[in-house]
Number of protein chains: 2
Amino acid sequence: MSAETVATFPTARLAKSVATHPLAPLSATELASAAAIIKASWPAHTDLYFKAVTLEEPPKSEVLPYLEAEHNGQSLPPVSRRAFINYYIRNTSKFHEAIVDLNTGRVLRNVLLGASVHANGDGEEIVAIEKLVLDDPGVKAEIAKLQLPEGTVVISDPWIYGSDGVQDEDRMYQCFLYMRDPLNPSEADSNHYALPLPISPVVSTETMKVIRIDLLPTGVDHTIKPTEPYKIRPPNEYIPEHQTLRTDLKPLNVVQPEGASFQVAQEGTSSVLSWQKWKFRVGFNQREGMVLYDVRYDNRSLFYRLSLSDMNIPYADPRHPYHKKSAFDLGDAGAGIMANNLKLGCDCLGSIYYLDAVLSDDKGGVIPMDNVVCIHEQDAGIGWKHTNYRTGRAAVVRSRELVLQSIITVSNYEYILAFIFNQAGAMEYEIRATGILSTQPVDDGVDVPFGTVVHPGVLAVHHQHIFSLRVDPFLEGGDNRLVYDEAFAMPRSDFNPHGTGYFVKETVIEESGGYDTDYEANRTFKIQNMNVRNPINGKPVAYKIQAPPFQKMLSDKDSFNYKRAEFSDHNIYVVKYRDDELYAGGKYTNQSRGGTGVRAWADRKENVKDTDFVVFVQAGINHIPRIEDFPVMPCEILKIHFKPVNFFDKNPALDVPPSEQSFNKSVLMSEQHHQPTVEAMIGQDGSCCVPKL
Amino acid sequence: MSAETVATFPTARLAKSVATHPLAPLSATELASAAAIIKASWPAHTDLYFKAVTLEEPPKSEVLPYLEAEHNGQSLPPVSRRAFINYYIRNTSKFHEAIVDLNTGRVLRNVLLGASVHANGDGEEIVAIEKLVLDDPGVKAEIAKLQLPEGTVVISDPWIYGSDGVQDEDRMYQCFLYMRDPLNPSEADSNHYALPLPISPVVSTETMKVIRIDLLPTGVDHTIKPTEPYKIRPPNEYIPEHQTLRTDLKPLNVVQPEGASFQVAQEGTSSVLSWQKWKFRVGFNQREGMVLYDVRYDNRSLFYRLSLSDMNIPYADPRHPYHKKSAFDLGDAGAGIMANNLKLGCDCLGSIYYLDAVLSDDKGGVIPMDNVVCIHEQDAGIGWKHTNYRTGRAAVVRSRELVLQSIITVSNYEYILAFIFNQAGAMEYEIRATGILSTQPVDDGVDVPFGTVVHPGVLAVHHQHIFSLRVDPFLEGGDNRLVYDEAFAMPRSDFNPHGTGYFVKETVIEESGGYDTDYEANRTFKIQNMNVRNPINGKPVAYKIQAPPFQKMLSDKDSFNYKRAEFSDHNIYVVKYRDDELYAGGKYTNQSRGGTGVRAWADRKENVKDTDFVVFVQAGINHIPRIEDFPVMPCEILKIHFKPVNFFDKNPALDVPPSEQSFNKSVLMSEQHHQPTVEAMIGQDGSCCVPKL
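All of these numbers come straight from a predicted model, not from anything done at the bench.

1. Points about the overall build of chain A
Helix and strand counts for chain A come out as nine helices and 33 strands. For 693 residues, the compact-globule formula gives about 26 Å, and the C-alpha radius of gyration of chain A, at 28 Å, lands near that figure. Along the first, second and third principal axes, the C-alpha atoms of chain A reach 85 × 70 × 60 Å. Going through the 693 residues of chain A one by one, you find that 66% of them count as buried. Looking at chain A alone, contacts between residues at least 24 apart form 66% of all its contacts between residues at least 6 apart. Accessible surface, chain A as shown: approximately 23,300 Å² in total, 53% of it carbon and sulfur.

2. Some points on the interface of chain B and chain A
Counting residues at the interface gives 190 residues for chain B and 190 residues for chain A. When chain B packs against chain A, close to 16,100 Å² is buried across both sides, 54% of that on carbon and sulfur atoms. At the boundary of chain B and chain A, one finds 18 salt bridges. Note that E636(A) is salt-bridged to K643(B), the shortest N-O span being 3.1 Å. If you look at where chain B meets chain A, you find 106 residue pairs in polar contact (both at pLDDT 80 or more). Looking at which element gives the most residues to the side of chain B that touches chain A, the answer is strand β17 (residues 366-388) of chain B, with 13 residues. The class makeup of the residues in the side of chain B that touches chain A is 86 nonpolar, 61 polar and 43 charged. Pairing of strand β9 (residues 253-255) of chain A with strand β9 (residues 253-255) of chain B, which is carried by three bridges, proceeds in the antiparallel orientation. Its bridge partner lying in β9(B), V255(A) is registered against N253(B).

3. Observations concerning the UniProt feature "domain: Copper amine oxidase N3-terminal" (unreviewed entry) in chain A
Under the present numbering, the feature "domain: Copper amine oxidase N3-terminal" (unreviewed entry) in UniProt falls on residues 124-214 of chain A. In this annotation, residues 124-214 of chain A is assigned 22% helix and 30% strand; the end-to-end C-alpha distance for the span is 24 Å.

4. Topic: the pairing of strand β5 (residues 154-160) of chain B
Residue and element names in this part refer to chain B. In terms of burial, β5 is a largely internal element, seven of the seven residues being buried. Bridge analysis of β5 against strand β6 (residues 172-179) gives seven bridges, and the strand direction is antiparallel. Bridging from a neighbouring strand, V154 pairs with M179 of β6.

5. Re the relation of the copies chain B and chain A
At an RMSD of 0.0 Å, chain B and chain A line up after a rotation of 180 degrees and a shift of 0.0 Å along the axis. Accordingly, the operation relating the two chain copies is best matched by a two-fold axis. Among all residues of chain B, the minimum C-alpha distance to the rotation axis is found for V254(B), at 2.4 Å. Of the residues that chain B buries at the interface, 100% are likewise interface residues in chain A, meaning the two copies contact each other through the same surface.

6. Let's talk about the UniProt feature "modified residue: 2',4',5'-topaquinone" (unreviewed entry) in chain A
Residue and element names in this part refer to chain A. When the UniProt feature table is mapped to this numbering, "modified residue: 2',4',5'-topaquinone" (unreviewed entry) covers Y413. Structurally, the position occupied by Y413 is in strand β19 (residues 413-422). On the basis of relative accessibility, which here comes to 3%, the residue Y413 falls in the buried class. Those residues in contact with Y413, other than ones at most four positions away along the chain, are Y315, I408, T434, G435, I436, L437, H463, H465, H623 and M633.

7. Quick notes on the sheet that holds strand β23 (residues 458-461) of chain A
Residue and element names in this part refer to chain A. With antiparallel pairing, three strands are arranged side by side in an open sheet as β21-β23-β22. Only two strands of the sheet have a single partner each, and these edge strands are β21 (439-441) and β22 (451-455). Strand after strand, the sheet turns through a mean of 40 degrees between neighbouring axes, direction not considered.

8. What about the packing of aromatic side chains?
For the structure on display, the rule yields 47 aromatic pairs over all chains. Plain terms: the ring middles of F495(A) and F450(B) are 6.1 Å apart, the flat faces sit at 45 degrees to each other, and that makes the pair tilted. Taken together, the residues F495(A) in the loop between β25 (481-489) and β26 (502-508) and F450(B) in the loop between β21 (439-441) and β22 (451-455) connect one chain to another. On the basis of relative accessibility, which here comes to 1%, the residue F450(B) falls in the buried class. Pairing W159(B) with F176(B) gives two aromatic rings, centres 6.1 Å apart and planes at 85 degrees, and the pair type is edge-to-face. Separated by 17 residues along the polypeptide, W159(B) in strand β5 and F176(B) in strand β6 bring together distant segments of the chain. The burial state of W159(B) is the same as that of F176(B); both residues are buried.

9. Points about the sheet that holds strand β29 (residues 540-546) of chain A
Within a sheet, adjacent strands bond to each other through the backbone by hydrogen bonds, running parallel or antiparallel. Strand order in the open sheet formed by 11 strands is β26(A)-β25(A)-β28(A)-β29(A)-β32(A)-β20(A)-β19(A)-β18(A)-β17(A)-β16(A)-β33(B), with mixed pairing between adjacent strands. Each having just a single partner strand, β26 of chain A together with β33 (667-668) of chain B make up the two edges of the open sheet. Bridge analysis of strand β28 (residues 524-533) of chain A against β29(A) gives six bridges, and the strand direction is antiparallel. If you follow N529(A) over to β29(A), its bridge partner there is V541(A). Sheet strands touched by helix α1 (residues 28-40) of chain A: β16 (351-360) and β17 (366-388) of chain A. Its angle to β16(A), the strand with the most contacts, is close to 15 degrees.

10. Side note on the pattern of salt bridges
Think of it this way: side chains of opposite charge can pair up when their charged atoms draw near. Evaluation of the coordinates by the stated rule reveals 107 salt bridges over all chains. With a closest N to O distance of 3.7 Å, E510(A) and K609(A) form a salt bridge. With E510(A) in the loop between β26 and β27 (513-515) and K609(A) in the loop between α7 (598-602) and β31 (613-623), this residue pair connects regions lying 99 residues apart in the sequence. Looking at K609(A), the relative accessible area reads 27%, which means it is partly exposed. In this structure, K526(B) engages D485(B) in a salt bridge whose closest nitrogen and oxygen atoms are separated by 2.8 Å. Here D485(B) lies in strand β25 (residues 481-489) and K526(B) lies in strand β28 (residues 524-533), a separation of 41 residues in the sequence. Judged by its relative accessible area of 10%, K526(B) is buried. Judged by its relative accessible area of 13%, D485(B) is buried. Residues participating in the shared-partner salt-bridge network are D47(A), R90(A), D362(A) and K363(A).

11. A few points about the pairing of strand β4 (residues 107-112) of chain B
All names here are of chain B. The pairing of strand β3 (residues 95-101) with β4 spans five bridges and is antiparallel. What sits directly across from H96, in β4, is L112. The turn joining β3 and β4, which pair antiparallel and follow one another in sequence, is formed by five residues; a positive phi near 80 degrees is taken by G105.

12. Here's the deal with the side chain of S468(A)
Residues and elements named next belong to chain A. Relative to the helices and strands, S468 is located in strand β24 (residues 463-473). According to the relative accessible area criterion, S468 is buried, its value standing at 0%. The contacts of S468, once residues within four sequence positions are left out, are S307, L308, S309, D310, F567, A584, F616, V617 and Q618.

13. Examining helix α2 (residues 60-72) of chain A
Residues and elements named next belong to chain A. Taking 1.5 Å of rise per residue, 13 residues should cover 18 Å, and α2 covers 18 Å from first to last C-alpha, within 8% of that figure. Those residues of α2 not exposed but buried are K60, V63, Y66, L67 and A69. Its buried side turned inward, α2 meets β13 (289-297), β14 (300-314) and β24. At the C-terminal side of α2, G73 shows a positive phi close to 70 degrees.

14. Let's talk about helix α4 (residues 137-144) of chain B
Quick reminder: α-helices carry 3.6 residues per turn. Residues three or four places apart thus point the same way. Residues and elements named next belong to chain B. Along α4, the residues classified as buried are V139, E142 and I143. Projected down its long axis, α4 shows its buried positions confined to an angular sector of 100 degrees, all on one face. Exposed and facing more than 90 degrees away from the buried side of α4 are P137 and A144. Among the structural elements, α3 (123-135), β5, β6, β7 (199-204) and β8 (209-215) are those in contact with the buried residues of α4. Near the N-terminus of α4, the side chain that reaches the backbone nitrogen of G138, with its oxygen 2.9 Å away, is that of D136.

15. Examining the confidence of the model for chain A
Residues and elements named next belong to chain A. On average, chain A scores 92 in pLDDT, and the residues at 70 or more come to 94%. The model gives residues 1-17 a pLDDT under 50, and that stretch makes 37 contacts with residues more than four places away or in other chains. Taken as a whole, residues 671-693 scores under 50 in pLDDT and shows 42 contacts with residues more than four places along the chain or in a different chain. The ipTM value of the predicted complex is 0.94, and its pTM value is 0.94.

Parameters at a glance
- Residues numbered from 1 in each chain as written.
- Chains lettered and ligands numbered in written order.
- Predicted model: local features only at pLDDT ≥ 70, side-chain atom pairs only at ≥ 80, totals over all residues.
- Heavy atoms only, no water.
- Helix = DSSP H or I, 4+ residues; strand = E, 2+ residues; numbered from the N terminus.
- Rg over C-alpha atoms; globule rule 2.2 N^0.38 Å.
- Buried < 20%, exposed > 50% of the residue type's maximum accessible area, 1.4 Å probe, protein only.
- Contact = heavy atoms within 4.5 Å.
- Areas by Shrake-Rupley, 256 points an atom, 1.4 Å probe, with all protein chains shown as cover.
- Buried area = accessible area lost by both parts, 1.4 Å probe.
- Salt bridge = Lys/Arg side-chain N within 4 Å of Asp/Glu carboxyl O.
- Polar contact = N/O pair within 3.5 Å; in protein donor to acceptor, adjacent residues only side chain to side chain.
- Nonpolar A, V, L, I, M, F, W, Y, C, P; charged D, E, K, R; others polar.
- Pairing = 2+ DSSP bridges.
- UniProt positions renumbered as here; feature names shortened; annotations may be inferred.
- Least-squares fit on C-alpha atoms with pLDDT ≥ 70 in both.
- Axes fitted to C-alpha atoms, helices over the stretch in contact; angles between N-to-C directions.
- Phe/Tyr/Trp six-rings, centres within 6.5 Å; stacked < 30°, edge-to-face > 60°.
- Expected span 1.5 Å × (residues − 1).
- Arc of directions from axis to C-beta.
- pLDDT = per-residue confidence, 0-100.

Shown next as structure tokens:
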């Protein structure tokens, strides 16, 4: 039952004396305070199971004046400080949503959510389920039929149950079973995905008991064979001890002898990053992982907020229980809580700065998350070049980029997520998919059109990875519009007598909705501000979006997949800004029904022209597995670009110092090349590319 | 007149004692020999103007057995050694094509080409035209009407004339005029593109005289104003002396303390490159620049030959003379002869190896081209990663790439062209467009839908960059096929009751023709060999092509642009292999009419299934200029990928040594992060990512 409690709690005192930025994630103290406030609103000894304790971001209407004052060095107006909490009464299905005011200690909201609204998974629960499944007598009996060798270690991968409308109101897990290499069962990192078993227990999280044991189809159709002795195939290990490693790779070090060019000002739980005219704030939370706020270039405002909004991975096998495989890795798990600790030199190269975070645990305590974001520069090749062929003089600069990277492990898969900035005013969001394919057992000789056999007895089913990036622009102000440009051939006419002419036409998006790229028309979306004009050509300042093409959600429109992954059917969604509309798949994705995400918001058909709107940019991969993706897949890379259009008065990277040998210190590999002409061309100031006169 | 001369010439002796590889470009001696053989076929003192002297590649039927023997260490069969020559009788329009046998000294072919077949441009001629245009009395008189300040330096950019069927049979140049900053006329590298003039002389190359002076439209339509006093606007310089350079960029060095991991074996004019199981031969010629031959991975054959085939850049302004702007930068100029000398540290970063080349000049002599290709490694982020969440153990490798890069300057524009290889058996062709927009004068206040004003008085017209990469596969043998996979939703049925299923269907391409990507179906083209099967899943070995989408040629189908740029209307062209069909736009592109390139070859409708075929992969940019592209544009990047599909038996990068701090030597930027847990996790062998037990 819900309780509107007027409980007060001492105002949290922060470790640092700096005032907490309104957008900074909750500190350890605040996390604990928030949980304590909620606990206090229940009878003592009520066992609460916390699923999320996170900042309830203040309304934009409060934050904008704060940011204004912050940038102008004026006194900072007060901004509310609130926490959002999701929790269960442990061992019940009573799932609550609460908001507390951290300044006053008041509970502002504390409601029991509807019966079919479920919380995300979490590590505690998953570990417990792994164990209970393998301890279950029914499961053990079924496993026994496999007649596995003595000492075999069976591994359980609990999966979010998914939705299909078939007795799926309760919160459950569908566990997939695998085993370690039976000849090496003590190898804790044996690749169990190479040895999938045809038994799949279902667990109810309310009772934490196995409620059903599914058997998996392993042929070409829905036929389920009774569990029979398991045919053991070879293992397929990825850990280096099992490889004959290459011995001819020489080290490559990135060295910054004068340090890196960026500055990080840590302010409690958020940090302000300054680099090459870019300036923005970085936060980190349980669900979204990295979030960027107040992104500016040369003190000109570009974005209010940037974050990955969710991702959905539906699978192509229509047979039970696989038809339910459709993971929402942010909503079901959380990009923050799943973030890797990035070890020095292993994940990031060069001069590295790490950011830590604090998240909440299931008991209302705090989990320190170290090294969840790494920050570094990288060289990205030539930035621009021109050689005047008459003089031979080349002007060339290299492109230096700033990278903020986080890596999440969601069971078998990894995603490497990065915001990348360059010196030409452009920003990029890069996604790399790697890790291990989700596998299922298959009979020998079976070939199906919805998956690939990647190892004897192992089927990797086709699946789509669909990502949604939430972009809340503030392009030189709050009144922005979204337009798209298209290029069309001119018809033949007196004006175009040779049939070679073409022109660009702009279309303004007036109404919220889903929109698509169209490469046949070179359709390019731009965020624009009509109030600010380019001083050279009078065009409104803009940033264009280069979103890669992808095949939209293949599940049909009546399917749960389609209804739930509301972002998956368009390249672009644009909606009028409303506080608290952050997650394109809806706030609660676990076993959801849809209707609470971006498609629903867009269906309000509100005006988005010359106002405050949010763009969701989608990108995706239809992953048709190949042998080379197993046992671990080489990174598949997606990039979404944001580039200035008539925002500056010239190439903003024109003032990058020229690329010079004295600066770059490249080394010549070949002795044969004495290159006297090059040496003659190194000027007295150490610059090169100056022709000898 | 043609002359079949039985001239003999002493067999050329190479500087090195190694026998000349049949695919190696002509050596300096061979170049000179070839020219001498042709000269000898004419009366003495006939002034021949050489436009091209290059290897006439031997028939594939001769080369394949040679390569087979070469790789098996057997005795090498003899292969013909022939040169291809294009030349004029100087100061005439008599353009010839010849082939000579360098072993025997015989002239095999020496024909006068048709009246409307013209040679590419070259540096000598362009420099001469620049001068003669500015010396022409008629041009001077017209310039005088501009009333430019005393001492103004006018610059002439000669452009290939183009085709429009209007008195365009003779070989001509359309020269565009600009001026240096009149306040700084002695600055030889002043950006003259910021000050375009409305006068455009036309030169006949037969007479080397100005035959016409065009005036340029500067308004919104075809109206030509009489030349009037020029309104001088500010300059827009790109050289660093004119910038207030950033001072906060710290050096970033790429250091390979043990040297690079690749080996280069120079064998005369070609080199064999070995790196991380890749092995291939590199050549370089006048037209194509870099060419890769005999590309293998782990001694398994992948490609016979790889090269950029041509590029076409048609412009959107339909008005005379701009409707003719449609450059074929390889056919009209040459990616080899236009290649930059890549200075140490300026263009390439790290441990660099340079390749030189020798090309021919207009007199039958030799031009040394130094440092035209740079070879180096680069780090490309994480190659693959997986963390077992139960143990916390991460297995991660970094992706190391090998880059072969060449940069061409084609008047105002630059293209950075690179073949990039990685450790997962994948290859990439990367194109970066940079340099300076082609500009034309525009009146104040004019806004046109076919261009952007990028500076006061300067219009940069929209244009398409369309590239064609020629891919001659030899995937584990010569019988290959081209297929495409598409993914389709299953209909609802008993098999697919929830509407979530989807499947992949393969279509075999039987006939030569043009084909397109279709992202709505995830259409993916693959080169496949049905004779070689994957040992795990029995699928035929394949490599898939990831070609980016682009808007096809907008000029209409009746236009010269469309007829000439035969590759510009499809993402993929596939044709049955024939010797000597290298250039997708035809062998002679200057003022061409079309009909001799890939579209014509494809129209032969030959079988391309399970045989020897060639694929032309197109990629492009519809360049709608923005202010940020001026005065020099930040690189715009295109990539075409080739990735193995069921070619290997697992991830081919699995044996890359794990990423380790002792190897990578990253530096921690922040002192706050003592990271005791990381140090505890560095194993005795220097490896990290090993959990402390």
